[in-house]
Amino acid sequence: MTEESEHKEPLPGRMEVLRDLPTDIMRSLSKEEIQAFLFEEIWPVSLSEKLGQYLA
């Protein structure tokens, strides 16, 4: 993640989806994965794998 993305607003709708994730999925996410989810268009493979079935 770039330094710029730390100061931007999350992508539209991402915060709402993050709040609705099941507790077990939230517990499995690292800080970096949460930041990528909120601010990045392209996610790390680990995040895609953790959210794949939930967001399908």
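Shown above is the structure to which this text applies.
*Asks:* Whenever I open this one, the nonpolar core confuses me. Can you help?
*Replies:* General note: in soluble globular proteins, nonpolar side chains tend to be found buried as a group. One finds L18, L21, I25, L29, I34, A36, F37, L38, F39, L47 and L51 forming the largest nonpolar core, which totals eleven residues. Contributing elements (two or more residues each) for this core: α3 (31-39) and α4 (45-55). For this core, the element with the most residues is α3, which contributes five residues.

*Asks:* Can you walk me through the pattern of salt bridges in this structure?
*Replies:* A side chain of one charge can pair with a side chain of the opposite charge when the charged atoms of the two come close. As enumerated under the stated definition, the model contains one salt bridge in all. Notably, a salt bridge pairs E33 with K50, separated by 2.8 Å at the nearest N-O pair. Of the two residues, E33 is situated in helix α3 and K50 in helix α4; the sequence distance between them amounts to 17 residues.

Scoring rules and cut-offs
Residues numbered from 1 in each chain as written. Predicted model: local features only at pLDDT ≥ 70, side-chain atom pairs only at ≥ 80, totals over all residues. Heavy atoms only, no water. Core = buried A, V, L, I, M, F, W, Y, C linked by side-chain atoms within 4.5 Å. Buried < 20%, exposed > 50% of the residue type's maximum accessible area, 1.4 Å probe, protein only. Helix = DSSP H or I, 4+ residues; strand = E, 2+ residues; numbered from the N terminus. Salt bridge = Lys/Arg side-chain N within 4 Å of Asp/Glu carboxyl O.

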